[in-house]
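# What the coordinates show
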Amino acid sequence: MNWKSAIYQALIDTDMEPWIAHLMPQLEAWENSARRGDSTKWQQQLKQLPDITPASVELKASVSFDADEALSSGHRSHVKNVLKQFMPWRKGPFSLFGIDIDTEWRSDWKWDRVVQHIETLEGRKVLDVGCGSGYHLFRMLGEKAELVVGIDPTELFFYQFSIFKKYLSNSPIHYLPLGIEDMPSENRFDTVFSMGVLYHRRDPIEFLYQLKNQLRSGGQLVLETIVVNGDIDTVLMPGERYAQMRNVWFLPSNLALKQWLERVGFIDIKLVDESITTCEEQRATEWMTNHSLADFLDPNDISLTIEGYPAPTRSVFTAKKK
Ligand SMILES: Nc1ncnc2c1ncn2[C@@H]1O[C@H](C[S@+](CC[C@H]([NH3+])C(=O)[O-])CC(=O)[O-])[C@@H](O)[C@H]1O
């Protein structure tokens, strides 16, 4: 069964059926456009992965898939070579049949900071907006969510996710290669995460409304984004680049962000974590060989980006929909 039919079948007898039915034409259109270039290569590479039923899958403490027996060294180097076709690997780490994918980001550190502050995911329907490779989706399933859906329009990340989904085909974890703007406003999820996305949005207030429109009444928002020091009136709009990223728009102070959340109508708003992003958490590795955070900071003063802005500090907020 292909990935589209799998999610449709999984939701057909639930109250999510109208939601997924609404999205099917867009998924169809995406699939038709994904029959070219890199997509074709990645689809072929996916078929090269071994058809093994994992002997054990760990999702609570890490994302690791283990086989009964170690792969032979020839088989192992073949699988490693296949996985390398999906570079750059940004969000992880993953472990597949003894091969450790040491990604650019220690996304597990972010998860450890977040998970201790959120309502239980057990039995809940969860949406992760801008899920990247889906690393956090697997950790959400590890927390026993009833349904986990990630959305992210970046094609490579869909295929990275598909590698691990292959070994969890019957689990309620799904990735839709769509953006938040494609989602119908149907108030269906118990928890909505959006981590590392707000600063990429040209209209952050509209984005907060879009997140709110995915939550049921009483549901929890978990929002993580880059912030700057300052009072309730402080919001930094960088010039063309921030830490070399071209698509960064608004970096609010914690107080300004709290006010945005209030204006959009969230209640019970809490700042639960604030952390400076370190060069240990985001760095180049064998699996992501491009420049990384150390190259984007001022070499003489790592509290600044190379453009002279405050270096990335990330805050996590939780809030509720009335
Ligand atoms: N319109 C959109 N709708 C949904 N996602 C989008 C959209 N536009 C871009 N994205 C996606 O948002 C993700 C942001 S990365 C955060 C990953 C993870 N959450 C993390 O916390 O590590 C952070 C970063 O790279 O700066 C990317 O995967 C985009 O494709």
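Residues numbered from 1 in each chain as written. Predicted model: local features only at pLDDT ≥ 70, side-chain atom pairs only at ≥ 80, totals over all residues. Heavy atoms only, no water.

Convention followed: UniProt positions are given in the numbering used here, feature names are shortened, and annotations may be inferred rather than shown by experiment.
The name given to the chain in an unreviewed UniProt entry is tRNA U34 carboxymethyltransferase, with the source organism recorded as Brumicola blandensis. Database annotation for the chain, UniProt heading Sequence similarities (unreviewed entry): "Belongs to the class I-like SAM-binding methyltransferase superfamily. CmoB family." According to UniProt, the comment filed for the chain under the heading Catalytic activity (unreviewed entry) is "carboxy-S-adenosyl-L-methionine + 5-hydroxyuridine(34) in tRNA = 5-carboxymethoxyuridine(34) in tRNA + S-adenosyl-L-homocysteine + H(+)".

### Structural notes on the nonpolar core
One broad rule of soluble globular proteins: the nonpolar side chains tend to lie buried together. For the record, the criterion: Here the nonpolar core consists of buried residues drawn from Ala, Val, Leu, Ile, Met, Phe, Trp, Tyr and Cys, with membership extended through side-chain atoms lying within 4.5 Å. The rule is simple: take the accessible area with a 1.4 Å probe, protein chains only, and divide by the maximum for that residue type; under 20% is buried, over 50% is exposed, in between is partly exposed. Secondary structure counts use DSSP, requiring at least four H or I residues in a row for a helix and at least two E residues in a row for a strand, with both numbered from the N terminus.
Residues L83, F86, F138, M140, I163, F164 and F193 are the most contacted members of the largest nonpolar core, which totals 50 residues. Per-element accounting of this core gives the leading share, seven residues, to helix α7 (residues 155-165). Counting 36 residues, the second largest nonpolar core, distinct from the first, contains F207, L208, L211 and F317.

### Some words on the pairing of strand β8 (residues 147-151)
Applicable threshold: When DSSP locates at least two bridges between a pair of strands, those strands are taken to pair. Looking down the strands as they point away from the viewer, one classifies a crossover as right-handed if the path from the first strand across the helix to the second runs clockwise.
Most of β8 sits inside the fold, with five of its five residues counted as buried. With burial as the criterion, each face of β8 is covered, one bearing L147, V149 and I151 and the other bearing V148 and G150. As defined by bridge partners, strand β7 (residues 125-129) adjoins β8 across five bridges and the pair is classed as parallel. Within β8, the position partnered with D128 by the bridge is G150. Handedness of the crossover joining β7 and β8 through helix α6 (residues 135-142): right-handed. Of the pairings in the sheet, the one linking β8 to strand β9 (residues 173-176) comprises four bridges and is parallel in character.

### Digging into the pairing of strand β16 (residues 301-305)
Across a regular strand the side chains alternate sides, sitting on one face of the sheet and then on the other. The pairing of strand β15 (residues 297-298) with β16 spans two bridges and is antiparallel. Across the sheet, the residue bridging to L297 is T305, located in β16. In this antiparallel pair of consecutive strands, β15 and β16, the connection spans two residues.

### A few points about the packing of helix α1 (residues 3-11) against helix α2 (residues 17-33)
So the rule is basically this: The convention used is that axes are lines fitted to C-alpha atoms, helices contributing only their stretch in contact, and that angles between N-to-C directions extend from 0 to 180 degrees. The cut-offs work like this: below 35 degrees is roughly parallel, past 145 is roughly antiparallel, 65 to 115 is roughly perpendicular, and the gaps in between are oblique. Throughout, a contact is declared for two residues whenever any of their heavy atoms are within 4.5 Å. Three categories are distinguished: nonpolar for Ala, Val, Leu, Ile, Met, Phe, Trp, Tyr, Cys and Pro, charged for Asp, Glu, Lys and Arg, and polar for the others, with Gly belonging to the last.
Closest axis-to-axis distance for the α1/α2 pair is 10 Å, and the angle between their directions is 175 degrees. It follows that α1 is roughly antiparallel to α2 by the angle criterion. Contact with α1, carried on its side by W3, K4, I7, Y8 and L11, involves E17, W19, I20, A21, M24, L27, E28, W30 and E31 of α2 and no other residues of that element. Here the residues of the contact of α1 with α2 are counted per class, giving ten nonpolar, no polar and four charged.

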